[in-house]
Structures are given as structure tokens and as C-alpha cells.
Amino acid sequence: MLTLRSTAKVNLYLRVGPRRPDGFHGLVSWFCSVGLEDELEFGPGEVRGVISLTCDHPEVPCDERNLIVKAGALLAAEGGGDRPGVRVHLRKRIPMGGGLGGGSSNAAAALRGLQQVWGIQLDPEREARIAAQLGSDVPFFLNAPSAICRGRGERITRVAQPVPKGIVLLLPPIAMPTPAVYRKFDEMGLGTDLEAVERTLPDPRLRAEELLPTLVNDLEAPAFAISKELAQLRDRAEKVAGRPVRMSGSGSTLFTLCDEVASAEGMAARLGRDLGIRAVGCALGI
Ligand code: C5P
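The residue numbering used here restarts from 1 in each chain and proceeds along that chain's sequence as written. Where local features are concerned, this predicted model is filtered to residues with pLDDT of at least 70; where side-chain atom pairs are given and counted, the filter is 80 or more; whole-chain, interface and lining totals use all residues. Side-chain measures were taken over the full set of non-hydrogen atoms in the model, leaving aside hydrogen atoms and water.

**Regarding the site of the ligand**
Working step 1: Taken together, Gly 23, Phe 24, His 25, Leu 27, Gly 135, Ser 136, Arg 152, Thr 178 and Tyr 182 make up the full set of residues near the ligand.
Working step 2: Polar contacts, as counted here, are pairs of nitrogen or oxygen atoms within 3.5 Å of one another; within protein the pair requires one atom able to donate a hydrogen and one able to accept it, and residues that are adjacent in sequence qualify only if both atoms are side-chain atoms. His 25 is positioned such that a nitrogen or oxygen atom in its side chain is 2.6 Å from an oxygen atom of the ligand.
Working step 3: Between the ligand and the protein, one listed contact pairs an oxygen atom with a side-chain N or O atom of Ser 136 at 2.6 Å.
Working step 4: Its free accessible area being 450 Å², the ligand has 72% of it covered by the protein chains.
Working step 5: Numbering of helices and strands runs from the N terminus, with a helix taken as a DSSP run of H or I at least four residues long and a strand as a DSSP run of E at least two residues long. Elements that contribute at least two residues to the shell around the ligand include exactly strand 2 (25-44) and helix 5 (178-187).
Working step 6: For the shell around the ligand, a count of residues per class yields three nonpolar, five polar and one charged. Any residue with a heavy atom positioned within 4 Å of a molecule or strand is treated as near that molecule or strand. In this description, accessible areas are obtained by the Shrake-Rupley approach with a 1.4 Å probe, and a residue is regarded as covered only by the protein chains that are shown. Under the scheme applied here, ten amino acids are nonpolar (Ala, Val, Leu, Ile, Met, Phe, Trp, Tyr, Cys and Pro), four are charged (Asp, Glu, Lys and Arg), and all others, including Gly, are polar.

Shown next as C-alpha cells:
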């Protein structure tokens, strides 16, 4: 039996270029792991070549729609495809549809776990290509805890972890489907000049108070245009926290940073109570 942890991410910084001919958008984004994690347990399965997935969360699809099952199919197809069956149990703790990359993180953990179980080791380039095929955020999780991702997410440069060690995650019950947010971004005629952005990347050495005002997420404008409720929540959160609050990915998760994990836990308790939503204080990076 093999058990792997699968951590969530936030986009501390997310700049988005205009829509490309392939429908995707170029990005420059600083991804960082956060201490909110799922767990994947791998055991022997009954049917050769089949990944049978179970999950303790009733809303998680356990068929081919799940990126764990897709990762298994792509990996099994490498080198002939005849692999022993594997049973995977997913303990889901990362909220879904919130911009925290839970499904992508699970896919990366499955790629790693299944290679161990099957006794194979892909060359890193091949592994990276399969990860990018599974989703734009998956390659980051092979390079966690802190990286700048470019292209549609697949061109990765590992960077120093941020000096702030704590993050407050605000988890409103608002679903923000990623394709809809990008569609709104296009409708609004948005698209940042990504070459210019390269000269103004945030500095990981800054403490929370100096780092926060330099963070930007270009998907906030379209997400807030789709959900006024989310826009208002961000404004209220900034007032209660007394510091900038940003959105992660395409939302709806909002976050702010603290230099220490204990301060993030304290601030999460206060924000959760005052705003009436779920708030979690945890570690930023590992
Ligand atoms: O790659 P992934 O499945 O995560 O992307 C989901 C959707 O988000 C894509 O279909 C696309 O509409 C949008 N997207 C994008 N540009 C990116 C990443 C995602 O337009 N760099």
C-alpha cells in the first residue's frame, strides 16, 4: 500500500495574455502550494489495466472524467499498455471548483504514484508532456512548491518560496467554472502584454505587507463581473483583514498572506466569523 499527499495551490500572481488561436491564453503566473491536501492511497486492483477509483466525497466523479483515471490511462498506454490493475482511494479535502487546483494536483500525484506501483520511470520530458495533456495546471504540481509558469502553464521555472509562511483562504460557496471566466475575459476585450509583465514580477523575498500590494490576478475582473457577490465579498474581506485580498486562479477562492502560520490561523478565525463563510488558515509553501 502506497499513500501520497496531494496539496492544493494558489496563484499568488496571475497575468493573462489575449486569447491564442488554439483557444487557450498565454500566462505568467506564480504558483505556490498551500497546506490543504487530499490523500491518494494505491493498492492492488482486480482487473488488469484498470484503475478503479473510489472517493470519500460523493460529488467527485470516479469514472473517466476524473483526472486520476485519465492519468492512469495515459500512463498505462506508455510502453505497451499491459499493466496490473490498481485500486486508488481518494480522500478529498481540497474544495472543488475553487481555483485551488485539487483535480490537477490529484492527477500529478497519480502520475507519480502509478509509476511507483508499476515500477516504471518515465523520462522527465515525457512525464511533463503527459501532465500538460491532462490539464494546464498539472505540470506545476510536478514542480511544487513554488514556480513561475508560462505558456498555457507548461513552461516552468522553479523559484524561491515566498517569505510569508501563512495564508488565509476564504472559500465562499460560489462555483466559478474556469472556461466561463476566460470567456468573459475575452468578451471584456482583456489581454495583458506578457512581455512587459516580465519586468515587474513580484519578489519572493518580501514580507506579507510589502508583497501583497504587488500581487495581481487578471481573472478578477471577469470573475467579479460574473459574480457581484464575489466582488462584494472581496471588498468586505479587505476591510475586515485590513490588507489586500486577492483571488486564486479563476476563483472563487480568495486569499491574503501573513508572515507566520499562527497569524494566518487567527485571521482566518476572525474573517470566517465576520464574513460568515468558510475560512482556513494554513501554511504557504512547505
Ligand atoms: O487546461 P484546463 O483543462 O485546466 O483548462 C480549462 C479551460 O480554461 C480551457 O478549456 C480554457 O478555456 C481555459 N484556459 C485558457 N488558458 C489557459 C488555461 C486554461 O484559456 N492558459
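**Thoughts on the sheet that holds strand 7 (residues 166-171)**
Adjacent strands of a sheet form backbone hydrogen bonds with each other and so pair up, either parallel or antiparallel.
Working step 1: Any two strands with at least two DSSP bridges between them are considered paired. In spatial order, the strands read 8-9-7-10; together these four strands make up an open sheet with antiparallel pairing. Strands with a single pairing partner mark the edges of an open sheet, and in this sheet they are strand 8 (246-247) and strand 10 (278-283).
Working step 2: Examined bridge by bridge, strand 7 and strand 10 share six bridges and lie antiparallel to one another. Looking across to strand 10, one finds that Gly 166 is bridged to Ala 283.
Working step 3: Here, two residues are considered to be in contact whenever any of their heavy atoms come within 4.5 Å of each other. Axis angles are defined between N-to-C directions and span 0 to 180 degrees, where every axis is a line fitted to C-alpha atoms and, for a helix, only to the segment in contact. Contacts from helix 9 (residues 228-241) reach strand 7, strand 8 and strand 9 (254-258) within the one sheet, and its direction differs from that of strand 9 by about 20°.

**Regarding the pairing of strand 5 (residues 146-151)**
Working step 1: Across the six residues that make up strand 5, a large majority, six, are buried.
Working step 2: Where strand 2 meets strand 5, six bridges bridge the pair, whose relative direction is antiparallel. By the bridge assignment for strand 5, Leu 27 is matched with Gly 151.
Working step 3: Pairing analysis gives four bridges linking strand 5 to strand 6 (residues 155-158), with the strands arranged antiparallel. Each bridged residue has a counterpart across the sheet, and for Ala 147 the counterpart in strand 6 is Arg 158.
Working step 4: Linking two consecutive strands that pair antiparallel, namely strand 5 and strand 6, is a turn of three residues; a positive phi of about 130° is found at Gly 153 within it. Accessibility here uses a 1.4 Å probe with only protein chains present; expressed as a share of the type maximum, an area under 20% marks a residue as buried, one over 50% as exposed, and anything in between as partly exposed.

**Some points on the pattern of salt bridges**
Working step 1: Should a side-chain nitrogen of Lys or Arg be within 4 Å of a carboxyl oxygen of Asp or Glu, the pair is scored as a salt bridge. A full pass over the atoms with the stated rule returns 20 salt bridges.
Working step 2: For Glu 37, the salt bridge identified is with Arg 5, shortest N-O distance 3.4 Å. In this pair, Glu 37 is assigned in strand 2 and Arg 5 in strand 1 (residues 2-19), connecting sequence segments 32 residues apart.
Working step 3: Owing to a relative accessible area of 27%, Glu 37 belongs among the partly exposed residues under this scheme.
Working step 4: Here Arg 5 falls in the exposed class, since its relative accessible area comes to 56%.
Working step 5: With a shortest N-O distance of 3.0 Å, Arg 15 and Asp 218 are connected by a salt bridge. A residue pair is termed long-range when its members are at least 10 positions apart, and Arg 15 in strand 1 and Asp 218 in the loop between helix 7 (208-211) and helix 8 (220-226) qualify at 203 residues. Residues Arg 15 and Asp 218 agree in their burial class; the two are buried.

**Let's talk about the nonpolar core**
Working step 1: Counting residues in hydrophobic clusters, the biggest one holds 36 residues, and the most contacted among them are Leu 40, Phe 42, Leu 75, Val 88, Leu 114, Trp 118 and Leu 134.
Working step 2: Per-element tally for this core: the top contributor is helix 2 (residues 102-118), with seven residues.
Working step 3: Once you skip the residues sitting within four places of it in the chain, Leu 134 turns out to touch Leu 67, Lys 70, Ala 71, Leu 74, Ala 107 and Leu 111.
Working step 4: Judged by nonpolar contacts, the second largest core, of 28 residues, contains Phe 185, Leu 219, Met 247 and Leu 275. Think of a nonpolar core as a cluster: buried Ala, Val, Leu, Ile, Met, Phe, Trp, Tyr and Cys residues, connected wherever their side-chain atoms sit within 4.5 Å.

**Details of the packing of helix 1 (residues 67-76) against helix 2**
Working note: a packed helix pair is described by the angle between its axes plus the distance between those axes.
Working step 1: Look at helix 1 against helix 2: their axes get within 8 Å of each other, and the N-to-C directions meet at 40°. Here helix 1 is positioned oblique relative to helix 2, judged by the angle of their axes. Two packed elements cross with a definite hand, and for helix 1 against helix 2 that hand is right-handed. From helix 1, Leu 67, Ile 68, Ala 71, Gly 72, Leu 75 and Ala 76 reach across to helix 2, where they touch Gly 103, Ser 104, Asn 106, Ala 107, Ala 110, Leu 111, Leu 114, Gln 115 and Trp 118.
Working step 2: Taken together, the residues of the contact of helix 1 with helix 2 sort by class into 10 nonpolar, five polar and no charged. Put simply, angles under 35 degrees are roughly parallel, angles over 145 are roughly antiparallel, angles from 65 to 115 are roughly perpendicular, and the rest are oblique. Each crossing gets its handedness from the near helix: less than a right angle anticlockwise from the far helix is left-handed, clockwise is right-handed.

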